[in-house]
Every structure is written in C-alpha cells, then in structure tokens.
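Examining the three-dimensional arrangement
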Amino acid sequence: MKKNDNPTELSGEINAEDSSNGLSRRGFLGAGAVAAAGAVPMTAAMFAASAKTQAAEIRNDTSVHPGELDEYYGFWSGGHSGEIRILGIPSMRELMRIPVFNTDSATGWGLTNESKRVKGDSAHIHAGDCHHPHMSMTDGHYNGKYVFINDKANSRVARVRCDVMKTDKMITIPNVQAIHGLRVQKVPYTKYVICNAEFEIPMNNDGKSSMEDVSTYRSLFNVIDAEAMEVAFQVMVDGNLDNTDADYDGRFFASTCYNSEMGMTLGEMVVAERDHVVIFDLHACEKALKAGKFKTYNDNKVPVLDGTKGSNLTRYIPVPKSPHGLNTSSDGKYFVANGKLSPTVSVISIKKLADLFDDKIKPRDAIVAEPELGLGPLHTAFDNRGNAYTTLFLDSQIAKWNVEEAIEAYQGKKVNYIRQKLDVHYQPGHNHTSQGETRDADGKWLISLCKFSKDRFLPVGPLHPENDQLIDISGDEMKLVHDGPTYAEPHDCMIVHRSKVKPKKVWTRDDPIFAETVAMAKRDGVNVESDNKIIRDGNKVRVYMTSVAPAFGMNDFKVKLGNEVTVVVTNLDKIEDVTHGFCLTNHGVQMEVAPQATASITFIADKPGVQWYYCNWFCHALHMEMRGRMFVSAE
Ligand code: CUK
Ligand code: CUA
C-alpha cells in the first residue's frame, strides 16, 4: 500500500519545502512522507475501487449503530488543552471531557470553589500539558477506580475518580521540573504512581547557584502514594528521565533516559552514542527509606534517595542513543525501550534483573533482543499473541514484530521477526492496544496517535488537528479502519473494557468533592437540601439556593456593590441527565450542577443594578424561564 492512499485534491499542492525557519519539512519528515507529499491524486474510480477492497477485508466491525454502546472506554490525554477525554471504542465517538489542569467554561472547572480546592496550591494556574493517562490496577488488571495523569508544564500529577469522572486530587511535585512519563504500579495493586521529572535542575533550585555551574543539576524519579496523593519518596538519578513503566511482579520500575550527558543545549545532549534505561528496585528503595537513608532539598520534607550510578537502588543499562518510550510486555516478561534516534528497540528481560542487582550479570546481559524496526521508534504496544507494535515516527509506520523471534534473531538465528509494516498518517507518537498495558491484552484494537494529519481532513486553517487512527489487529494483518481528528496533541491514551468501569448516574449527597461546601452551609445554619437563605457576614454574602427543573429556589437576592458573593446551588433533581447550570450575566460566573450535586462559586459584585442569573444546561421545556435577578445596590 502506498502512503496517502486516500488523497484529496490537496495532495501535491502542499509544498513540502515551505518553511520559514530554515528547517525544511522534507528533511524533517523523512523519505516516506516526501513520497506522499508528491503523490499523484487518485481518480474517483481508483478511490472507489480501493475503498471497496479495504471494506471487504475488515473483520472487526467498527460501526456502533444508533442506540448501541461501544465495547471499550478510551481515555485520551487532551495534550496541552490540559484535559482528559473519554472516547467510545471502536466508534471513536467523543463521550465526555474531564477538565483537569485547564479551566472549563461548561462545568466551571477552575472557577468553582470545589475545583479550586482540588487544584490546591496551583489553583491560580490555568494551563497544563497532559501526556500520560493511566488507570489504577489490581494484580495487573484495570480496577476502574482512578485515572492518573501528568502535567509536564507545571510539574503536577492529578487523579480522576472514575465513579464520577471528575478530578479529585492534584499535587505539585517538589524538587523537580516537568513531570513527564507516568505509569502505575501494576502488582499487587496501584499503591504507587510512578513518574519521571524530565528537566534537570539545580539541587537546590533557589537561585543561589550559578547558571554556568551545572554540577548540581539532577532529574528525579517520583513515587507517589496513590491513595493519599502525596509524594512517598523521590530517587535521584544520573541523566534526565523520559518515560517509565512497572513490572508485573511488584519489584521493578524502568525509565528511559536521554541526555545522559546532562547537556544544556541540543548539541550537548546528543554527543554520547549510548544513553541508558534506569531500573529501580522498589524493595531496596522502601528499605532505604525505612532506614532513613535519604536527604531533603529546597526546604521541604520529601525524602530523596540516592539512586545515582553505584547505588544499590538502581542499575543503569546502556542502550542506543536517546531512547524514548518504555513499555512492559503484557506477558510480564520484558521491558521494551524504544530507540528514537536508533532504528532499534532494546528488549530487557525482567527475569534477569534480580541477577543484575545481585551483580551476577553485567547490565548489557539483561538485554535479550535489539530488533531493527525502522526509523524513529517511539512507543510499543502488545497483543495477546506474542506480537509487539512499534510506532516509527520518521517512517510514519507501525511495525508489527514478534518478540520471541526477535530474541532468536539476537541469538544469531536467521528469522524474520517483522510481521508487517503499516503506513499511518502521519508521524505517530504513542500507540496503544486494547487493554495492552495489563494482563488482559486482547489483541483486538490498536490506536496510532499521529502528530500530523496533512490531507486527511477538510482543511481548517494553518493549525491542523492530530490524527488518531484506529487499527484492527485481530487478524494476521493490521488494517487501518478509522481516521479520528483530535485537538491538541493527545500523546497517549488507553483502552479499557467497559466491564471494568462503573460510573454513577447521579451524585451521592455525601460526596467528598462538595463535602466542605455542605459543611460551610451547616456552620451557617443552612441545610442545602431544603433551605434557600442569604447569610450576610460583613462584606461577604453567601447565597444558598436549591434547584428543581425548571426553577431555582430563589427568584432574586440583593447584595451591595463590592460585596464578595458566594452562590451555593444544590440540584435536588434525582433523575439522571437533569443537570442545571448557574450562570450569572457579566461576571464570568458559570458552573455545572448535576443531579444531587452541590456546587459553589465566589465573585465580587462589581456592577450596580440588575444582573440576571440563568440555568445554562437545557433541562426542561421551561429551561429558558429558569432564571432570577441579583440586584446590586450602589450605596
Ligand atoms: S511522550 Cu509524546 S510521543 Cu510525552 Cu509519552 Cu512519546
Ligand atoms: Cu435548569 Cu436549564
């Protein structure tokens, strides 16, 4: 199959050389994409014929008819939009968005008091850069409890509660900059969330060191208590970390490291022919922690263990230059480090790691295969038949290869471990198989998260969507079955069988997300489930009202110019889907109040006169009439 087998008239019109920064797109994209850019457009008849052949070969049915439900949940990073999105797989329909690090106009996330409490010390930050959403596990199976995600831009980690699909915890990680790779402990359960700090910074980073002296710069591996959402400990390493994953035995974590040179510029970062994978021994780390063998930095109490070269907490396995993705095979046998600048991936035998820590073997002896797959391997996913699927960023392909045969080839046997290379459109980063990061890999679907989408969608201006492609991997051959445009680079996603996730349909009244607001009402002598009351407390006014479609419990209230007003709305409707909104004109005030929820928002009444508030989620035939007045007196 040729690249760009489904071109529009735009093919060939886009100038591959067009570049104002001197970096030619032709040079950057590699030979494959150049061929695509110059491709001759197919005639309508040719296109119809090729579409027909493709359709006949599809085995898994991607169509989810009206009224039918998808088989899987897809949890998508929203990239630098700062949110998580829930998709249905295989339909690829977007089902919901979960605001996390962003501010969201529809739900009031980042505006309401409840969301500000969750955001805590970073409530004033309205941007984020999500990369890696991963679900908590029990014994290597998704358990449907939490999804964790990183914010690279502001060094944060957040947790989403899957029973309500809302963010319920967020922390800023101290001593580090740019939390990147994030995964969870798989076995025995997700006690810890693990994540890498990518950018090395001075220890301490207090402005007292010089910019020229980089000798104290470090990158830390971070281990977070998943329930408490506190940093349990950090491990100092050599080099800067990138991606990470956990084993299926509960002992080892592995992280890729590029820039082992600790360079500060691009030129300095790519000098060494080899970088490394760092293996962390959780048992040894916990022992060191208990024995008090740690230091603290930057005036905080987080214990930092020493995992630099020579420590008994870590081992450094040399791999070719600048590895990127790190993936554990779903059979639990291997860590796979993806070469990025090398056309290979390095397969590390997890079984051999105990011997490595006992110094019975050398670091490179833990490598059991290093198959050559193509240009720019970034991430690898797995099926349940011993195959691996690696994205090739520069070749714009997915390479399907057999792991055991790659091992035989490494031992010198003449076998062709490559099963197939499939063109994807274009420049794939992560890929992900259905349940492929758990023991339940089922080998049905593969997602390729492509960074570029040139010619694949109607043009929408210079900013292009990314292209998330759905691939059927159930048969011997991979088949591309769907192109899905997405906004703001998703980086990563995961596919969870619907049987693992059991969300509520209405809130329970004692939910911790609004418990503090209900407690505040109680202190004011207000029962939020029945009372419509105004509490005046000096310059502060608290307005408590209920809502039942199609009316707020309060038709009007009065405040004085300059008052700090908190409006608390409790939705007494019990029927699923009857969500109300509270939106106040001219104040940037709006929030979602789903059935049985309490939500609150605080603002300064800084405009005199009448200001209408209204419900902004369509809830009833008389939804338009669901409104009331705030009167702001000028005296
Ligand atoms: S990273 Cu973006 S393609 Cu942040 Cu997981 Cu590899
Ligand atoms: Cu309540 Cu619309």
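Under the annotation held in an unreviewed UniProt entry, the chain carries the name Nitrous-oxide reductase and is attributed to Sinobacterium norvegicum. Regarding the chain, the UniProt comment filed under Subunit (unreviewed entry) reads as follows: "Homodimer." In its Subcellular location (unreviewed entry) section, the UniProt entry covering the chain states "Periplasm".

1. Quick look at the UniProt feature "binding site: Cu cation A2" (unreviewed entry) in the chain
UniProt annotation of "binding site: Cu cation A2" (unreviewed entry) refers to C615, W617, C619 and H623 when read in the numbering used here. Residues from the annotated list that form part of the lining of the largest pocket: W617. Counting through the fold element by element, C615 comes out in the loop between β39 (609-614) and β40 (627-633). The contacts of C615, once residues within four sequence positions are left out, are F552, H580, G581, H623 and M626.

2. Describing the environment of G538
Relative to the elements of secondary structure, G538 occurs in the loop between β31 (533-537) and β32 (540-548). For G538, a relative accessible area of 71% corresponds to the exposed category.

3. Focus on the site of ligand 1
All residues in the neighbourhood of ligand 1 are listed as H131, H132, H180, N243, H324, H379, G429, H430, K451 and H491. The cavity that encloses ligand 1 is the second largest pocket.

4. Focus on the UniProt feature "domain: Cytochrome oxidase subunit II copper A binding" (unreviewed entry) in the chain
When the UniProt feature table is mapped to this numbering, "domain: Cytochrome oxidase subunit II copper A binding" (unreviewed entry) covers residues 536-635. Annotated as residues 536-635, this span is 0% helix and 56% strand, and its ends, taken at the C-alpha atoms, are 16 Å apart.

5. With respect to the sheet that holds strand β29 (residues 479-486)
Backbone-to-backbone hydrogen bonds pair the strands of a sheet. The strands run either parallel or antiparallel. Strand order in the open sheet formed by four strands is β26-β27-β28-β29, with antiparallel pairing between adjacent strands. The sheet terminates laterally at β26 (428-433) and β29, the two strands that pair on one side only. Put simply, the sheet's adjacent strands are angled 20 degrees from each other on average, direction ignored. Bridge count between strand β27 (residues 445-450) and strand β28 (residues 466-472): six bridges; the pairing is antiparallel. Bridge pairing in β28 places I447 opposite L470.

6. Some details on empty space enclosed by the protein
For the structure on display, the rule yields five cavities of 30 Å³ or more. By volume, the largest cavity is sized at about 250 Å³. Of all the secondary-structure elements, those providing two or more residues to the lining of the largest cavity are α4 (113-119), β7 (166-172), β37 (589-593) and β38 (598-604). Looking at side-chain class alone, the lining of the largest cavity contains nine nonpolar, six polar and three charged residues.

7. Side note on the sheet that holds β7
The strand order β4-β5-β6-β7 describes an open sheet built from four strands, whose pairing is antiparallel. Two strands close off the open sheet at either side, each with one partner strand: β4 (134-138) and β7. For this sheet, the mean angle separating the axes of adjacent strands, direction not counted, is 30 degrees. Two strands pair when backbone bridges link them, and β4 and strand β5 (residues 141-151) are joined in this way by four bridges, in the antiparallel orientation. Bridging from a neighbouring strand, H134 pairs with F148 of β5.

8. Quick look at the side chain of E83
Counting through the fold element by element, E83 comes out in strand β2 (residues 83-89). In terms of polar contacts, E83 uses its side chain to reach the side chain of R85, at 2.6 Å. Sequence-distant contacts of E83, that is, excluding residues within four places in its chain, are made with W76, S77, G78, R97, I98, P99, V100, N102 and C130.

9. A short note on the nonpolar core
Within the largest apolar cluster, 43 residues are counted, with the highest numbers of intra-cluster contacts made by F75, V100, M135 and V157. In terms of residue count, the dominant contributor to this core is β5 (five residues). Apart from the residues lying within four places of it in its own chain, the contact partners of V157 are F101, I149, N150, K169, M170, I171, I173, I179, L182, C195, I224 and M229.

10. Section: the layout of surface pockets
In this structure, the largest pocket occupies an estimated 1300 Å³ of space. Along its surface, the largest pocket is lined by 38 residues, and L95, M96, M165, P503 and K504 are the ones closest to its centre. Every element with two or more residues in the lining of the largest pocket is listed here: β1 (72-77), β2 and β3 (93-99). No other element matches the six residues that β3 contributes to the lining of the largest pocket. Per-class residue counts for the lining of the largest pocket are 20 nonpolar, four polar and 14 charged. Its boundaries defined by the atoms lining it, the second largest pocket holds a volume of some 690 Å³.

11. Description of the packing of aromatic side chains
Under the criterion given, the structure shown has 11 aromatic pairs. Between F221 and F280, the ring centres sit 3.8 Å apart and the planes meet at 10 degrees, which makes this aromatic pair stacked. With F221 in strand β11 (residues 217-225) and F280 in strand β15 (residues 274-281), the pair connects residues that are 59 residues apart, well separated along the chain. Taken individually, F221 and F280 each receive the classification buried, so the pair is uniform in this respect. An angle of 75 degrees between the planes, with centres 5.9 Å apart, marks the rings of F552 and F582 as edge-to-face. Of this pair, F552 sits in strand β33 (residues 551-552) while F582 is found in strand β36 (residues 580-584), placing the two residues 30 residues apart along the sequence. Assigned by exposure class, F552 and F582 land together as buried.

Reading the values: rules and limits
- Residues numbered from 1 in each chain as written.
- Chains lettered and ligands numbered in written order.
- Predicted model: local features only at pLDDT ≥ 70, side-chain atom pairs only at ≥ 80, totals over all residues.
- Heavy atoms only, no water.
- UniProt positions renumbered as here; feature names shortened; annotations may be inferred.
- 1 Å grid on protein atoms, 1.4 Å probe; cavity = no way out; pocket = protein on both sides within 12 Å on 5 of 7 lines; lining within 4 Å.
- Helix = DSSP H or I, 4+ residues; strand = E, 2+ residues; numbered from the N terminus.
- Contact = heavy atoms within 4.5 Å.
- Buried < 20%, exposed > 50% of the residue type's maximum accessible area, 1.4 Å probe, protein only.
- Near = heavy atom within 4 Å.
- Sits in = over half its atoms within 2 Å of the grid points.
- Pairing = 2+ DSSP bridges.
- Axes fitted to C-alpha atoms, helices over the stretch in contact; angles between N-to-C directions.
- Points joined across faces, edges and corners; volume = space filled by probe spheres on them.
- Nonpolar A, V, L, I, M, F, W, Y, C, P; charged D, E, K, R; others polar.
- Polar contact = N/O pair within 3.5 Å; in protein donor to acceptor, adjacent residues only side chain to side chain.
- Core = buried A, V, L, I, M, F, W, Y, C linked by side-chain atoms within 4.5 Å.
- Phe/Tyr/Trp six-rings, centres within 6.5 Å; stacked < 30°, edge-to-face > 60°.

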